[in-house]
Amino acid sequence: MDVNERIIQEYVPGKQITVAHVIAKPDSELYQKLGIAQSGNEAVGILTVTPSEASIIVVDIATKAAEVEIGFVDRFSGAVVIIGDVSSVKIALENILEIMESLLDFTVVPLSST
């Protein structure tokens, strides 16, 4: 009797933030392409989070840390976009990185900006 061993491989992402970026003073076309009202906002913050469900935690941290608005959050892909003035978006992203790393043991990237 032959016994065949069956191996199932799954991709299980780690707890990480792979993109954390501030776009200061973006062109108005960017807001239009993202489907976000510009309404005086000076900056766009972009994050990518895995597992993707953690994007919900990330937007909670952001809105509690600074005067920012949620431009987009996708709990299936982990994509997050926040908008506000430059300093608020930067403060929100810095808080996200700090809290996710220290409290939830996420691996994070340095905050970048353009």
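Residues numbered from 1 in each chain as written. Predicted model: local features only at pLDDT ≥ 70, side-chain atom pairs only at ≥ 80, totals over all residues. Heavy atoms only, no water.

Per an unreviewed UniProt entry, the protein goes by the name Microcompartments protein and belongs to Lacrimispora saccharolytica. The record in UniProt for the protein states the following under Subcellular location (unreviewed entry): "Bacterial microcompartment". (UniProt positions renumbered as here; feature names shortened; annotations may be inferred.)

Student: How should helix 2 (residues 55-65) be read in this particular structure?
Tutor: One turn of an α-helix holds 3.6 residues; hence residues three or four places apart share an orientation. Where helix 2 is concerned, the buried positions are S55, V58, V59, I61 and A62. Looking straight down helix 2, one finds its buried side chains confined to an arc of 160°; they lie on one side. Elements in contact with the buried residues of helix 2: strand 2 (43-50), strand 3 (68-74), strand 4 (79-84) and helix 3 (86-102). (Buried < 20%, exposed > 50% of the residue type's maximum accessible area, 1.4 Å probe, protein only. Helix = DSSP H or I, 4+ residues; strand = E, 2+ residues; numbered from the N terminus. Arc of directions from axis to C-beta. Contact = heavy atoms within 4.5 Å.)

Student: I'm lost on the nonpolar core in this one. Help?
Tutor: Of all hydrophobic cores here, the largest spans 22 residues; its most connected members are I17, L47, I82, I96 and M100. No other element matches helix 3, which puts six residues into this core. Not counting residues within four places of it along the chain, the set of residues in contact with I17 comprises L47, T48, V49, I96, L97, M100, F106, T107, V108 and V109. Judged by nonpolar contacts, the second largest core, of six residues, contains I23, Y31, I36 and V44. (Core = buried A, V, L, I, M, F, W, Y, C linked by side-chain atoms within 4.5 Å.)

Student: What is the right way to read the sheet that holds strand 5 (residues 112-113) from this model?
Tutor: Where strands meet in a sheet, backbone hydrogen bonds hold them as pairs that are either parallel or antiparallel. Judged by pairing direction, the sheet is mixed, and its five strands sit side by side in the order 3-4-2-1-5 without closing on themselves. Whereas interior strands pair on both sides, the edge strands pair on one side only; in this sheet they are strand 3 and strand 5. The pairing of strand 3 with strand 4 spans six bridges and is antiparallel. Of the residues in strand 4, the one forming a bridge with I70 is I82. Strands in contact with helix 2 are strand 2, strand 3 and strand 4; relative to strand 3, the strand with the most contacts, it is inclined by about 175°. Strands in contact with helix 3 are strand 1 (16-24), strand 2, strand 3 and strand 4; relative to strand 1, the strand with the most contacts, it is inclined by about 170°. (Pairing = 2+ DSSP bridges. Axes fitted to C-alpha atoms, helices over the stretch in contact; angles between N-to-C directions.)

Student: Sorry, what's going on with the packing of helix 2 against helix 3 here?
Tutor: When two helices pack together, their arrangement is captured by the angle between the axes and the distance separating the axes. Their axes nearest at 8 Å, the elements helix 2 and helix 3 cross at an angle of 130°. Compared by their axis directions, helix 2 and helix 3 come out oblique. For the crossing formed where helix 2 meets helix 3, the hand is right-handed. Of helix 3, the residues touching helix 2 (which contributes I57, V58, I61, A62 and A65) are I91, A92, N95, I96, I99 and M100. Of the residues belonging to the contact of helix 2 with helix 3, the class tally is ten nonpolar, one polar and no charged. (Parallel < 35°, antiparallel > 145°, perpendicular 65-115°, else oblique. Left-handed = near helix turned anticlockwise from the far one by under 90°. Nonpolar A, V, L, I, M, F, W, Y, C, P; charged D, E, K, R; others polar.)

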